[in-house]
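Summary of the model geometry
Each chain, written out:
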Amino acid sequence: MPSHVYLLFTLAFYAVGALHVLLQALTRRKLLTSWTVTATLIGFALHTASLAQRWTEAGHFPAVGLHDVSSFLAWAIVLVFLMTYTRTRVEALGLVVYPVAFALVLVSNMTPAAESDDPILKSFFLPIHATLAFLGYAALFVAFAMGLLYLVQERELKSRSPRRLYYILPSLERCDTIGGRSVEVGFAFLTLAIVTGMLWSYRARGVYWTGDAKEWTAIIAWVLYVVLVLARHRTGWGGRRAALLGIVGFAAVVLTFVWVTVASGVASAAR
Amino acid sequence: MIILVGLSHRTSPLPVRESLAFVKERLAEALQRMRQEAAVSEAMILSTCNRVELYGRSDETTGAGARLEEFLCAFHGRPVHEIGPYLYRLTAADAIRHAFRVAASLESMVIGEPQILGQVKQAYQAAQDAGTLGSALNALRNRSLAAAKRARTETGIGQNAVSVSYVAVELARKIFGELRDKNVLLVGAGKMSLLAARHLVRSGARATVLGGRTFEKAEELAAALGGRAVPFESLRAELAAADIVISGTGAPGIVIRREDVEHARAARGGRHQRPLFLIDIAVPRDIDPAARRLAGIFLYDLDDLRSVAEANLRERQKEAAAAEALVDREVREFLEWQKSLDVVPILVELRQRADQIRRREIERARKRLGGLTPEQEAALDAATTAIVNKLLHPPTVHLKEIARNGFAAEQVALIRKLLGL
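Since the model is a prediction, treat every value here as computed from it, not as a measurement.

Definitions and cut-offs
Residues numbered from 1 in each chain as written. Chains lettered and ligands numbered in written order. Predicted model: local features only at pLDDT ≥ 70, side-chain atom pairs only at ≥ 80, totals over all residues. Helix = DSSP H or I, 4+ residues; strand = E, 2+ residues; numbered from the N terminus. Buried ≥ 20, exposed ≤ 12 C-beta atoms within 10 Å, placed from the backbone. Domains from an automatic or database assignment. Contact = placed C-beta atoms within 7 Å. Nonpolar A, V, L, I, M, F, W, Y, C, P; charged D, E, K, R; others polar. Pairing = 2+ DSSP bridges. Axes fitted to C-alpha atoms, helices over the stretch in contact; angles between N-to-C directions. Core = buried A, V, L, I, M, F, W, Y, C linked by C-beta atoms within 7 Å. pLDDT = per-residue confidence, 0-100. Right-handed = clockwise from strand over helix to strand, strands pointing away. Expected span 1.5 Å × (residues − 1).

**A look at the environment of serine 105 of chain B**
All names here are of chain B. Residue position: serine 105 is located in the loop between helix 5 (92–103) and helix 6 (115–130). Residue classification places serine 105 among the buried positions, given that 25 C-beta atoms sit within 10 Å. Sequence separation of serine 105 and glycine 158 is 53 residues, and the distance between their C-alpha atoms is 9.0 Å.

**Some words on the domain arrangement of chain A**
Residues and elements named next belong to chain A. As assigned here, chain A comprises domain 1 (1–115) and domain 2 (118–271). One C-alpha centre belongs to domain 1, the other to domain 2, and the line joining them spans 19 Å. With 25 residues of domain 1 in contact, the opposing surface of domain 2 contributes 25 residues. When contributions to the side of domain 1 that touches domain 2 are tallied by element, the ones reaching two or more residues are helix 3 (65–88) and helix 4 (93–110). Considering only residue class, the side of domain 1 that touches domain 2 consists of 20 nonpolar, four polar and one charged.

**So, the sheet that holds strand 9 (residues 276–280) of chain B**
All names here are of chain B. In space, the six strands of this open sheet follow the order 7-6-5-8-9-10, with parallel pairing throughout. Across the chains shown, the open sheet's two edge strands, defined by having one partner strand only, are strand 7 (228–230) and strand 10 (297–301). Geometrically, the sheet is characterised by an average inter-axis angle of 20° between neighbouring strands, direction not taken into account. Note: strand 5 (residues 183–187) against strand 6 (residues 206–210), five bridges, orientation parallel. Directly across from valine 187, in strand 6, lies its bridge partner leucine 210.

**Remarks on the nonpolar core**
Within the largest apolar cluster, 130 residues are counted, with the highest numbers of intra-cluster contacts made by Ala76, Ile77, Ala101, Ala138 and Val142 of chain A together with Ala172 and Leu186 of chain B. In terms of residue count, helix 5 (residues 125–159) of chain A provides more of this core than any other element does, 20 residues in total. Among all residues touching valine 142 of chain A, those that are not within four sequence positions of it are Val80, Phe81, Thr84, Leu93 and Ser182 of chain A. Grouped together as the second largest cluster of nonpolar side chains are 55 residues, Ile45, Leu117, Ala127 and Ala148 of chain B included.

**So, the confidence of the model for chain B**
The predicted coordinates ought not to be read in detail in places where the model reports low pLDDT. Summing up the model confidence of chain B, the mean pLDDT is 87 and the portion of residues at 70 or higher is 96%. Among the prediction metrics, the complex's ipTM stands at 0.85, with pTM recorded as 0.72.

**Some remarks on the pairing of strand 6 of chain B**
All names here are of chain B. For strand 6, a buried count of five out of five residues is recorded, marking the element as mostly surrounded by other parts of the structure. Burial along strand 6 is two-sided: Arg206, Thr208 and Leu210 and Ala207 and Val209, pointing in opposite directions, are all buried. With respect to chirality, the unit in which strand 5 leads through helix 9 (residues 191–202) into the neighbouring parallel strand 6 is right-handed. Where strand 6 and strand 7 come together, three bridges link them in parallel fashion. Looking across to strand 7, one finds that leucine 210 is bridged to valine 230. For the crossover that starts at strand 6, traverses helix 10 (residues 215–225) and ends in the parallel strand 7, the hand is right-handed.

**Notes on the interface of chain B and chain A**
Contacts between the two partners involve 21 residues from chain B, matched on the other side by 19 residues from chain A. Per element, the largest residue contribution to the side of chain B that touches chain A is six residues, and it comes from helix 13 (residues 302–340) of chain B. Tallied by class, residues from the side of chain B that touches chain A come to eight nonpolar, six polar and seven charged.

**Observations concerning unusual backbone geometry**
Residue and element names in this part refer to chain B. Note that the residue after valine 283, namely proline 284, is joined by a cis bond; omega there is -5°. By the element assignment, proline 284 lies in the loop between strand 9 and strand 10. Not every positive phi belongs to a glycine, and alanine 39 is a case in point at roughly 50°. Of note, alanine 39 is situated in the loop between helix 2 (27–37) and strand 2 (42–47). Judged by local crowding, alanine 39 falls into the partly exposed class, with 15 C-beta atoms found within 10 Å. The phi dihedral of serine 105 is positive, around 65°, even though this residue is not glycine.

**Digging into helix 7 (residues 135–154) of chain B**
Over its 20 residues, helix 7 of chain B extends 28 Å from the first C-alpha to the last, a length consistent with the 28 Å expected when each residue adds 1.5 Å. Of the residues making up helix 7 of chain B, those classed as buried are Ala136, Leu137, Ala139, Leu140, Arg141, Arg143, Ser144, Ala147, Ala148 and Ala151 of chain B.

Rendered as structure tokens:
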């Protein structure tokens, strides 16, 4: 089966997850049932198969161009979500993750795959670098989601008349802890991704730094998250401000990311 | 068959229920008399402030129902015609469904309230102690209590506090998650603040009591909560260290001003962004309502706590639908299980098996005997049939007889085993 057929099935299973979690949020206290989790696991397996298939089809690791990037990012996000869920059992995270994973796979389904036979893409650095970077961004996305949940729950608590979300969302402290942990993990991956990216660049072109927009994105995000990680560790800083910075930091990442893809086109992602 | 006669907060006013309640001391006596006077083979009485219900077991329903009503009135010395209009009478499947719903607290005044389960348990225990609990009511006990527990754990009917002091604890959980090692500061010492503080301390929080005019009282309270007492002058310092503040003084004006809260926040250093939960249960209020606008400050007064309690109750009612479905399912299963205890299928199966063996043996005999005349055939058939019938007669009669008193599941299994079915 070609990769895009797998991807279509993946989309269907993620759609089931997204719809179910939203419906549950309207009616019941329990957001994730065994049905949702099973659908997600099947979707994730198909997704993995789709990526593997795409790897052989493209002849290089599938992390180039909007089609591959959005699919791979969704895969990383679902993976990090499943790991976070297994550890923490925070179901409300699904409210943010499912729609986003669905949207990313939808984008991937609707965009044509970019083909390139640039020899630089054959390097073994690409799979390592791209996997680290995407897992890092996925973890930072989870931090962003927990920041959102924090702010919503805070608003509910401040309002003093709880509505539906108050009952569904985890406690403020829990949002804060999981968000902080995700930032740490994301930051570690991002650091490794930058290092491997530099090594790759040096091996391919003889320079560590080309001044490319994508490199600037990573560096700006890295600096932002350094501040966040250090502030948390040194001063026990957290709560609302940390939640906000987690959101702003990720928004900055997304904006630069979009700008890079739109402004410099497909080729820049590989350059 | 199970017959139920009773009255509840839905059918009767409190004075009527009071006049028909059974006190614990006379429960054993009442159960014995109920079994005798109402001529039921099993008896159980559930008497709470919201309901009085008599559960009996009898083969004929109408007579037993009337006798139960008479007994209830006679025991309390009330005329039947006066009490009759408040009573409901349920039999068989309806009585069973009702018993399940009561245990699951679906019939309670506050849906999902936790006390009823314990009260139902005690009622069955009392019947067991009095020796009036038989196989039918015992089966009802096991299944209805298990269903009630399932409803409680698998749906949200038991979740979300509906009393003010519990609401405060739940809000604290929504803010802090774990309450272990959180600092609770008590300002003033009312009954309600003590209640809330006690819940918090039980969850691992540390209590500090701020002394008022009489420091001894603060020390007493601190000892009761396993915490420490501090003089009122250290309010600001303690406020800075606190995560949760419960204020319930009898002071006529504001005790904790907005500046105090702001100061406390600033003094928290790196933790100044961490939430601070202020609970003001004093009337008039102790904490300046303007503190509400500060970031990271969650200030709830008594009215706020009440409105959360109401919202919680609405949530519970939504969950009740899920619990209803679950209990319905359990009742259906129970009724089906009851049917399986019926003795008729055992008898049918026994007959069929005996006949099968008989035919097989005739077949074998025929092979050995060679050709038989029709007369001989008929004689052989009559003789073997007579043997089977004579052998099966006593167990058939006795099984039917015992069945009138009902079987427990183990008994049915034993009977089947003995008969080789």
